[in-house]
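Survey of secondary and tertiary structure
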Amino acid sequence: MMLHSGSRGIGNAIGTYFIELAKRDFQKNGRSPSRPRSRVFPGGAQHFHDYVEAVGWAQDYAAANRAEMMELVLEALRRHLSSFEVTGAAVNCHHNYVERETHYGESVWLTRKGAIRARAGDLGIIPGSMGARSYIVRGKGSAESFHSCAHGAGPANEQECCTEALQCF
């Protein structure tokens, strides 16, 4: 069984709020970002600290949300299917998140938007869209991708899911 859920829109609202703050900060300081759609806060800035705290809360909420839904589904399966038993561990796979990691010897804040972590051996989920296949995958640990892979859905990703970053099974 596969369950796919996030922060139920809270993460998106937090992102939208802080993107607007960053946009105003750039305008107020008479600067423009190096890329037109890029909105960043300097490390150590109060908005940056607030953003990291808010995103961390949303990520924790998403994990708790998935855990609660999984327990309810397993409870229903046990109740209605007498022979049902859990035989393995759950694959809990964040996507669209921010995390402090070390890459190329430096500690950085890494944003995985539309991506999941794919370190060597990490289990992940590539969910399909309605009617398309979903995949349980294992990361290969590609440093060039910052140990990440796409978290897309749909027919195009069915063909692309077994890339250098992943092993599908």
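Structural data are supplied above this passage.
Residues numbered from 1 in each chain as written. Predicted model: local features only at pLDDT ≥ 70, side-chain atom pairs only at ≥ 80, totals over all residues. Heavy atoms only, no water.

Attention now goes to the packing of aromatic side chains. Using the criterion set out here, one finds 5 aromatic pairs in the structure. The interplanar angle of 85° and the centroid separation of 5.9 Å between the aromatic rings of Y104 and F146 together place this pair among those described as edge-to-face. Placement of the pair is Y104 in the loop between strand 1 (97–103) and strand 2 (106–112) and F146 in the loop between strand 5 (135–139) and strand 6 (148–150), with a sequence separation of 42 residues. Following the ring pairs from residue to residue traces out a cluster consisting of Y17, F18 and Y51. (Phe/Tyr/Trp six-rings, centres within 6.5 Å; stacked < 30°, edge-to-face > 60°. Helix = DSSP H or I, 4+ residues; strand = E, 2+ residues; numbered from the N terminus.)

What follows concerns helix 2 (residues 46–80). Over its 35 residues, helix 2 extends 51 Å from the first C-alpha to the last, a length consistent with the 51 Å expected when each residue adds 1.5 Å. What helix 2 keeps buried is the set F48, Y51, A54, V55, A58, Q59, A62, N65, R66 and L74. Each element contacted by the buried residues of helix 2 is listed here: helix 1 (10–28), strand 1 and strand 2. (Expected span 1.5 Å × (residues − 1). Buried < 20%, exposed > 50% of the residue type's maximum accessible area, 1.4 Å probe, protein only. Contact = heavy atoms within 4.5 Å.)

Taken as a whole and judged by the stated rule, the model has 0 disulfides. Between C93, a cysteine without a disulfide, and C149, which holds the nearest cysteine sulfur, the sulfur-to-sulfur distance is 7.5 Å. The exposure class assigned to C149 is buried, which follows from its relative accessible area of 7%. (Disulfide = S-S within 2.5 Å.)

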